[in-house]
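Letter by letter, the chains look like this.
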Amino acid sequence: MPYLSKIALNPRRRHAVALLANPHRLHAAVLSGLAVQPVTERVLWRLDTNSAHRAEVLVLTDSRPSWHHLVEEAGWPDADGGQPLIADYTPLLQRLALGKEFTFRLTANPVQHVQNPEKPSTEQTERLKEASDRPGKRRGIRVAHRTAAHQLAWLLARTERHGFTIPATTTAPGIDLGAIHEGSSDSAPPAEAPAVSITARETLRFHKNARGAQVTLSTATFQGRLRVTDTDALRDTLLNGIGPAKGYGQGLLTLAPLPDETHHG
(Lines give C-alpha, C1' and ligand atoms only; values in the text may rest on other atoms or scores of the structure.)
Protein backbone atom coordinates (compact mmCIF):
# COMPACT_ATOMS: atom_id res chain seq x y z
CA MET A 1 0.00 0.00 0.00
CA PRO A 2 1.63 3.31 -1.04
CA TYR A 3 1.74 6.27 1.33
CA LEU A 4 2.24 9.96 0.60
CA SER A 5 3.81 11.94 3.45
CA LYS A 6 4.34 15.64 4.06
CA ILE A 7 6.98 16.68 6.60
CA ALA A 8 7.50 20.31 7.61
CA LEU A 9 11.09 21.43 8.22
CA ASN A 10 12.21 24.52 10.12
CA PRO A 11 14.84 26.31 7.96
CA ARG A 12 16.20 28.11 11.03
CA ARG A 13 17.36 24.92 12.73
CA ARG A 14 20.95 23.82 12.16
CA HIS A 15 20.14 20.27 11.09
CA ALA A 16 17.46 21.49 8.69
CA VAL A 17 19.95 23.90 7.10
CA ALA A 18 22.34 21.01 6.46
CA LEU A 19 19.59 18.87 4.92
CA LEU A 20 18.19 21.65 2.74
CA ALA A 21 21.65 22.43 1.36
CA ASN A 22 22.42 18.88 0.23
CA PRO A 23 19.96 16.54 -1.53
CA HIS A 24 22.24 13.58 -0.80
CA ARG A 25 21.89 14.15 2.95
CA LEU A 26 18.17 14.73 2.69
CA HIS A 27 17.76 11.52 0.70
CA ALA A 28 19.57 9.60 3.45
CA ALA A 29 17.31 11.19 6.08
CA VAL A 30 14.24 10.20 4.05
CA LEU A 31 15.39 6.58 3.76
CA SER A 32 15.94 6.53 7.53
CA GLY A 33 12.19 6.84 7.95
CA LEU A 34 11.63 3.27 6.73
CA ALA A 35 11.93 0.33 9.12
CA VAL A 36 13.17 -2.26 6.62
CA GLN A 37 16.85 -1.59 5.96
CA PRO A 38 18.58 -1.55 3.57
CA VAL A 39 15.76 0.08 1.63
CA THR A 40 14.85 -1.82 -1.53
CA GLU A 41 11.46 -0.25 -2.29
CA ARG A 42 10.98 2.70 -4.65
CA VAL A 43 11.06 5.98 -2.72
CA LEU A 44 10.22 9.29 -4.38
CA TRP A 45 10.50 12.65 -2.67
CA ARG A 46 10.38 16.37 -3.41
CA LEU A 47 11.38 19.46 -1.50
CA ASP A 48 8.89 22.34 -1.69
CA THR A 49 10.15 25.68 -0.38
CA ASN A 50 7.33 28.13 -0.98
CA SER A 51 8.23 30.18 2.09
CA ALA A 52 11.49 31.39 3.65
CA HIS A 53 10.16 30.26 7.04
CA ARG A 54 9.00 26.76 6.17
CA ALA A 55 10.07 23.93 3.89
CA GLU A 56 8.04 20.81 3.18
CA VAL A 57 9.26 17.41 2.07
CA LEU A 58 6.79 15.23 0.18
CA VAL A 59 7.66 11.52 0.23
CA LEU A 60 6.02 8.59 -1.55
CA THR A 61 6.77 5.15 -0.09
CA ASP A 62 5.42 1.63 -0.48
CA SER A 63 5.47 0.94 3.27
CA ARG A 64 4.23 3.12 6.11
CA PRO A 65 7.09 5.36 7.31
CA SER A 66 7.92 7.17 10.54
CA TRP A 67 9.23 10.74 10.45
CA HIS A 68 9.86 11.19 14.15
CA HIS A 69 13.61 11.69 13.58
CA LEU A 70 13.08 14.47 11.02
CA VAL A 71 10.58 16.32 13.19
CA GLU A 72 12.79 16.06 16.29
CA GLU A 73 16.01 17.13 14.55
CA ALA A 74 14.81 19.56 11.86
CA GLY A 75 11.16 20.40 12.39
CA TRP A 76 8.82 21.75 15.07
CA PRO A 77 8.41 19.04 17.76
CA ASP A 78 5.12 19.34 19.68
CA ALA A 79 4.10 22.52 17.82
CA ASP A 80 0.74 22.98 16.12
CA GLY A 81 1.25 22.26 12.42
CA GLY A 82 4.57 20.56 13.06
CA GLN A 83 3.42 16.95 12.91
CA PRO A 84 3.91 15.08 9.62
CA LEU A 85 0.93 14.03 7.52
CA ILE A 86 0.84 10.45 6.23
CA ALA A 87 -1.98 9.50 3.87
CA ASP A 88 -2.95 6.32 2.05
CA TYR A 89 -2.23 7.00 -1.63
CA THR A 90 -4.61 4.31 -2.92
CA PRO A 91 -7.77 6.48 -3.09
CA LEU A 92 -6.07 8.91 -5.49
CA LEU A 93 -4.86 6.07 -7.70
CA GLN A 94 -8.40 4.72 -7.81
CA ARG A 95 -9.82 8.11 -8.88
CA LEU A 96 -7.87 8.11 -12.12
CA ALA A 97 -10.21 7.86 -15.11
CA LEU A 98 -9.89 8.55 -18.83
CA GLY A 99 -10.52 12.20 -19.59
CA LYS A 100 -10.45 13.31 -15.94
CA GLU A 101 -8.41 16.44 -15.25
CA PHE A 102 -6.22 17.34 -12.30
CA THR A 103 -3.84 20.10 -11.37
CA PHE A 104 -0.27 18.84 -11.03
CA ARG A 105 3.15 19.74 -9.71
CA LEU A 106 6.47 18.22 -10.71
CA THR A 107 10.07 19.06 -9.99
CA ALA A 108 12.31 17.25 -12.46
CA ASN A 109 15.80 17.08 -13.93
CA PRO A 110 15.27 17.58 -17.70
CA VAL A 111 18.20 16.06 -19.60
CA GLN A 112 19.25 14.90 -23.03
CA HIS A 113 21.86 12.37 -24.17
CA VAL A 114 24.78 13.86 -26.10
CA GLN A 115 27.59 11.90 -27.71
CA ASN A 116 30.17 14.68 -27.49
CA PRO A 117 29.37 17.36 -24.88
CA GLU A 118 31.08 20.72 -25.44
CA LYS A 119 32.43 21.15 -21.90
CA PRO A 120 32.35 17.75 -20.19
CA SER A 121 32.88 17.60 -16.46
CA THR A 122 35.58 15.39 -14.95
CA GLU A 123 32.97 12.72 -14.24
CA GLN A 124 31.58 12.93 -17.79
CA THR A 125 35.08 12.68 -19.26
CA GLU A 126 35.69 9.50 -17.29
CA ARG A 127 32.38 8.05 -18.48
CA LEU A 128 33.19 8.89 -22.11
CA LYS A 129 36.53 7.12 -21.78
CA GLU A 130 34.90 4.05 -20.22
CA ALA A 131 32.30 3.96 -22.97
CA SER A 132 34.93 4.23 -25.71
CA ASP A 133 36.67 1.17 -24.29
CA ARG A 134 33.50 -0.91 -24.54
CA PRO A 135 32.26 -2.38 -27.84
CA GLY A 136 28.80 -1.56 -29.13
CA LYS A 137 26.71 1.56 -29.57
CA ARG A 138 27.22 4.37 -27.09
CA ARG A 139 24.15 5.97 -25.54
CA GLY A 140 25.94 9.24 -24.86
CA ILE A 141 26.30 11.42 -21.79
CA ARG A 142 23.44 13.00 -19.88
CA VAL A 143 23.50 16.76 -20.34
CA ALA A 144 20.99 19.04 -18.66
CA HIS A 145 18.56 21.22 -20.59
CA ARG A 146 19.40 24.69 -19.30
CA THR A 147 16.81 26.97 -20.89
CA ALA A 148 13.18 27.17 -19.80
CA ALA A 149 12.00 26.57 -23.37
CA HIS A 150 13.99 23.33 -23.67
CA GLN A 151 12.91 22.18 -20.22
CA LEU A 152 9.27 22.75 -21.12
CA ALA A 153 9.71 20.92 -24.43
CA TRP A 154 11.31 18.02 -22.53
CA LEU A 155 8.18 17.58 -20.42
CA LEU A 156 5.73 17.97 -23.30
CA ALA A 157 7.59 15.30 -25.28
CA ARG A 158 7.04 12.79 -22.45
CA THR A 159 3.42 13.28 -21.45
CA GLU A 160 1.94 10.66 -23.79
CA ARG A 161 4.17 7.83 -22.59
CA HIS A 162 3.37 8.77 -18.99
CA GLY A 163 -0.39 8.53 -19.44
CA PHE A 164 -1.55 12.13 -19.71
CA THR A 165 -1.74 15.17 -21.92
CA ILE A 166 -1.63 18.87 -21.07
CA PRO A 167 -4.64 20.69 -22.53
CA ALA A 168 -4.35 24.07 -24.20
CA THR A 169 -5.35 27.28 -22.47
CA THR A 170 -5.07 31.03 -22.90
CA THR A 171 -4.52 31.56 -19.18
CA ALA A 172 -1.27 30.30 -17.70
CA PRO A 173 -1.66 28.80 -14.20
CA GLY A 174 1.49 30.51 -12.96
CA ILE A 175 4.55 32.47 -14.07
CA ASP A 176 5.33 30.91 -17.43
CA LEU A 177 9.10 31.29 -17.65
CA GLY A 178 9.10 29.28 -20.86
CA ALA A 179 6.80 31.66 -22.72
CA ILE A 180 8.82 34.87 -22.43
CA HIS A 181 9.80 36.13 -25.85
CA GLU A 182 11.70 39.25 -26.83
CA GLY A 183 9.54 41.94 -28.35
CA SER A 184 6.28 40.56 -26.93
CA SER A 185 3.50 43.09 -26.42
CA ASP A 186 1.11 43.26 -23.50
CA SER A 187 -1.61 44.39 -25.91
CA ALA A 188 -1.29 41.31 -28.10
CA PRO A 189 -4.24 38.90 -27.90
CA PRO A 190 -3.52 35.81 -25.77
CA ALA A 191 -2.50 32.75 -27.76
CA GLU A 192 -3.34 29.20 -26.81
CA ALA A 193 -0.54 27.34 -25.09
CA PRO A 194 -0.20 24.20 -22.95
CA ALA A 195 -1.67 24.70 -19.48
CA VAL A 196 1.65 24.39 -17.71
CA SER A 197 4.13 26.87 -16.29
CA ILE A 198 7.68 26.62 -15.05
CA THR A 199 7.39 28.26 -11.66
CA ALA A 200 11.00 27.75 -10.52
CA ARG A 201 14.38 26.84 -11.99
CA GLU A 202 17.49 25.95 -9.99
CA THR A 203 21.01 24.68 -10.41
CA LEU A 204 21.90 22.47 -7.46
CA ARG A 205 25.56 21.84 -6.60
CA PHE A 206 26.54 19.52 -3.77
CA HIS A 207 28.91 16.71 -2.77
CA LYS A 208 27.95 13.18 -1.77
CA ASN A 209 30.73 13.23 0.80
CA ALA A 210 33.78 15.26 1.77
CA ARG A 211 36.01 13.61 -0.84
CA GLY A 212 33.41 13.01 -3.51
CA ALA A 213 33.09 14.85 -6.79
CA GLN A 214 30.64 17.71 -7.04
CA VAL A 215 27.19 16.81 -8.34
CA THR A 216 25.40 19.42 -10.47
CA LEU A 217 21.69 19.23 -11.27
CA SER A 218 19.58 21.65 -13.31
CA THR A 219 15.99 21.41 -12.11
CA ALA A 220 12.65 22.84 -13.17
CA THR A 221 9.37 22.93 -11.27
CA PHE A 222 6.32 22.52 -13.49
CA GLN A 223 2.82 23.40 -12.40
CA GLY A 224 -0.38 23.20 -14.41
CA ARG A 225 -3.27 21.03 -15.51
CA LEU A 226 -3.29 17.56 -17.05
CA ARG A 227 -5.87 15.23 -18.59
CA VAL A 228 -5.69 11.46 -18.10
CA THR A 229 -5.21 9.50 -21.35
CA ASP A 230 -3.99 6.14 -19.99
CA THR A 231 -4.88 5.23 -16.41
CA ASP A 232 -2.37 2.37 -16.11
CA ALA A 233 0.51 4.45 -17.47
CA LEU A 234 -0.32 7.43 -15.27
CA ARG A 235 -0.64 5.20 -12.20
CA ASP A 236 2.81 3.79 -12.96
CA THR A 237 4.16 7.34 -13.39
CA LEU A 238 2.76 8.46 -10.05
CA LEU A 239 4.41 5.50 -8.32
CA ASN A 240 7.74 5.58 -10.17
CA GLY A 241 8.33 9.19 -11.18
CA ILE A 242 9.51 11.03 -14.28
CA GLY A 243 13.08 11.51 -15.45
CA PRO A 244 16.44 10.92 -13.74
CA ALA A 245 17.95 11.93 -10.37
CA LYS A 246 15.06 10.51 -8.34
CA GLY A 247 17.40 9.89 -5.42
CA TYR A 248 18.03 13.63 -5.32
CA GLY A 249 14.40 14.68 -5.02
CA GLN A 250 13.46 14.76 -8.70
CA GLY A 251 10.57 13.19 -10.59
CA LEU A 252 7.72 13.00 -8.05
CA LEU A 253 4.49 13.95 -9.84
CA THR A 254 1.66 14.97 -7.50
CA LEU A 255 -1.98 15.58 -8.42
CA ALA A 256 -4.80 17.56 -6.84
CA PRO A 257 -8.47 18.08 -7.79
CA LEU A 258 -9.28 21.06 -9.97
CA PRO A 259 -10.28 24.13 -7.92
CA ASP A 260 -13.92 23.96 -9.00
CA GLU A 261 -14.11 20.29 -7.98
CA THR A 262 -12.66 21.15 -4.58
CA HIS A 263 -15.21 23.94 -4.14
CA HIS A 264 -18.18 21.78 -5.03
CA GLY A 265 -16.87 18.67 -3.32
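Residues numbered from 1 in each chain as written. Predicted model: local features only at pLDDT ≥ 70, side-chain atom pairs only at ≥ 80, totals over all residues. Heavy atoms only, no water.

Draft legend 1. Spatial organisation of the pattern of salt bridges. Applying the stated criterion to the full structure yields six salt bridges. D48 is the partner of R46 in a salt bridge, and the nearest nitrogen-oxygen pair spans 2.9 Å. Accessibility assignment for this pair places R46 and D48 in one class, buried. E101 serves as the salt-bridge partner of R225, at 2.8 Å between the closest nitrogen and oxygen. With R225 in strand β12 (residues 214–228) and E101 in strand β5 (residues 101–108), this pair connects stretches of sequence that are 124 residues apart. For E101, a relative accessible area of 15% translates into the label buried. Among the ionic contacts, a cluster of salt bridges with common partners joins R46, D48 and R105. (Salt bridge = Lys/Arg side-chain N within 4 Å of Asp/Glu carboxyl O. Buried < 20%, exposed > 50% of the residue type's maximum accessible area, 1.4 Å probe, protein only. Helix = DSSP H or I, 4+ residues; strand = E, 2+ residues; numbered from the N terminus.)

Draft legend 2. Expanded view of helix α6 (residues 148–156). Every buried residue of α6 is listed here: A148, Q151, L152, W154 and L155. All buried residues of α6 project into a common sector of 155° when viewed along the axis, lining one side. (Arc of directions from axis to C-beta.)

Draft legend 3. Expanded view of unusual backbone geometry. Cis geometry is adopted by the peptide bond preceding P38, which originates at Q37 and carries an omega value of -5°. You can see P38 is positioned in the loop between α2 (23–31) and β2 (44–51). Positive phi outside glycine occurs at D78, with the angle close to 70°. Turning to its location among the elements, D78 is positioned in the loop between α3 (68–74) and β4 (85–88). In the Ramachandran plot, A245 falls in the positive-phi region, its phi being about 60° despite a non-glycine side chain. Looking at the secondary structure, you find A245 in the loop between α7 (231–240) and β13 (253–256). Residue class for A245 comes out buried when judged on its relative accessible area of 18%.

Draft legend 4. Focus on the nonpolar core. Ranked by size, the top nonpolar core spans 30 residues in total, and within it F104, F222, L234, L253 and L255 carry the most contacts. Among the secondary structure elements, those contributing two or more residues to this core are β3 (54–61), α4 (90–94), β5, α6, β11 (196–207), β12, α7 and β13. Setting aside residues no more than four positions away along its own chain, F222 makes contact with F104, R105, L106, A108, P110, Q151, L152, W154, L155, V196, S197 and I198. By size, the runner-up hydrophobic cluster in this structure holds 17 residues, among which are L9, A16, V43 and V57. (Core = buried A, V, L, I, M, F, W, Y, C linked by side-chain atoms within 4.5 Å. Contact = heavy atoms within 4.5 Å.)

Draft legend 5. Representation of the pairing of β5. In terms of burial, β5 is a largely internal element, seven of the eight residues being buried. Note that β5 and β12 share eight bridges and pair antiparallel. Following the sheet pairing, F102 is matched in β12 by L226. (Pairing = 2+ DSSP bridges.)

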